[in-house]
Amino acid sequence: RKLAEANRILKEMGTESVLYDLILARPTWPQSDTEFAESLRENGRVFLPTGFALRPTGNTGNLPGGDQAPETGREISQLPEFLAAARGTGHVSAPSEEDGVYRRFFLVVKRRDELVPALALAAFLDHAGLTMKDVEILWGDAVIIHGEKSAVIGRELRIPIDESGRAWIPYTGLWANDFEKMSLHRLLDAYKQEDRRGNLINFFQGRFVLVGDISTGIADAGATPLENDVPLVAIHAALLNALLQGQFIDFWRPGKTAALCLLLFAVLTTAACS
């Protein structure tokens, strides 16, 4: 019921989109569930996540994937009435690497005969007026978003990926100071005070809002290259920010590495001769 109230407030505050990193898979009180579903329809810009157990399709260490997207196994999904009322959905399946650090993320996973985009990618495509039909995937090279006709993008956007469709997660900083945050309690309390609603508009208007559980001791936390024990909603925030900024981390590939080595050799040779 409190989340339903928050959805309505965020709509009134003029947010661009709301992305949940919470899977509400089981019913609670019927009236509360009904209110939440209604708030999703009223907001009209809420994206809900789906989680999957991923099956390997190749050999990349302990991670699923090979020369294509990993296939989905057991699915953890929202209540059907919630999904039906949401703007869209995307996957939030995030296997860590062998050392337990979250460095890369699958931009797409394969469910039967369809590719399911990551939650951040799904929201970004909707924001740009595009669909997965506007996305081209070159395994081991890039996910290409053909956004030339999009008023938001206006150009082709290339996201470097490895052979299984993983992109580097471009974290922007430590959890404490990467993006602005507000607790659910603070949002609801501030809205009740009319003289503080202007501050809420300044905070939320035109922005993307991610909703996640960041309470102490949650299971949905892990290590990033920057720090340990970080709420994993940070992954989706970093990916969405990179999409909006059009800035990604490329992979060191043999051809590029060789070209760079030749360039360095040429520079060093020139310096030595001079």
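Note that the structure is predicted; figures quoted are calculated from it, not measured. (Residues numbered from 1 in each chain as written. Predicted model: local features only at pLDDT ≥ 70, side-chain atom pairs only at ≥ 80, totals over all residues. Heavy atoms only, no water.)

K.L.:
What should I look at first to understand helix 7 (residues 233-245) in this one?
P.N.:
Helical geometry note: an α-helix holds 3.6 residues per turn, so side chains three or four residues apart project in the same direction. Relative to the 18 Å expected for 13 residues at 1.5 Å per residue, helix 7 spans 18 Å between its end C-alpha atoms, a close match to the ideal helical length. Most of helix 7 sits out of view: 10 of its 13 residues are buried. Those residues of helix 7 lying buried are V233, A234, I235, H236, A237, A238, L239, L240, A242 and L243. Looking one or two places after helix 7, you find G246, whose phi comes out positive at around 70°. (Helix = DSSP H or I, 4+ residues; strand = E, 2+ residues; numbered from the N terminus. Expected span 1.5 Å × (residues − 1). Buried < 20%, exposed > 50% of the residue type's maximum accessible area, 1.4 Å probe, protein only.)

K.L.:
Looking at this structure, I do not really get the pairing of strand 7 (residues 114-117). What am I missing?
P.N.:
Residues in a regular strand project their side chains so that they alternate between the two faces of the sheet. As judged from the four bridges shared by strand 6 (residues 108-111) and strand 7, these two strands associate in the antiparallel manner. If you follow R111 over to strand 7, its bridge partner there is E114. (Pairing = 2+ DSSP bridges.)

K.L.:
What exactly am I supposed to notice about unusual backbone geometry here?
P.N.:
Of all residues except glycine, most have a negative phi; of all peptide bonds, most are trans. Of note in this structure, R112 is not a glycine but carries a positive phi near 55°. Phi is positive for D229, which is not a glycine, with a value near 55°. Assignment of secondary structure puts D229 in the loop between strand 13 (221-222) and strand 14 (230-231).

K.L.:
Quick question: what am I supposed to make of the sheet that holds strand 10 (residues 156-160) here?
P.N.:
Adjacent strands of a sheet pair through backbone hydrogen bonds, lying either parallel or antiparallel. The antiparallel open sheet is built from three strands, whose spatial order is 8-9-10. Of all the strands in the sheet, just strand 8 (135-138) and strand 10 have a single pairing partner and so form its edges. For this sheet, the mean inter-axis angle between neighbouring strands, taken without regard to orientation, is 20°. In terms of strand pairing, strand 9 (residues 142-146) meets strand 10 through five bridges, oriented antiparallel. Across the sheet, I144 pairs through a bridge with R158, a residue of strand 10. (Axes fitted to C-alpha atoms, helices over the stretch in contact; angles between N-to-C directions.)

Shape descriptors only; they carry no functional weight alone.
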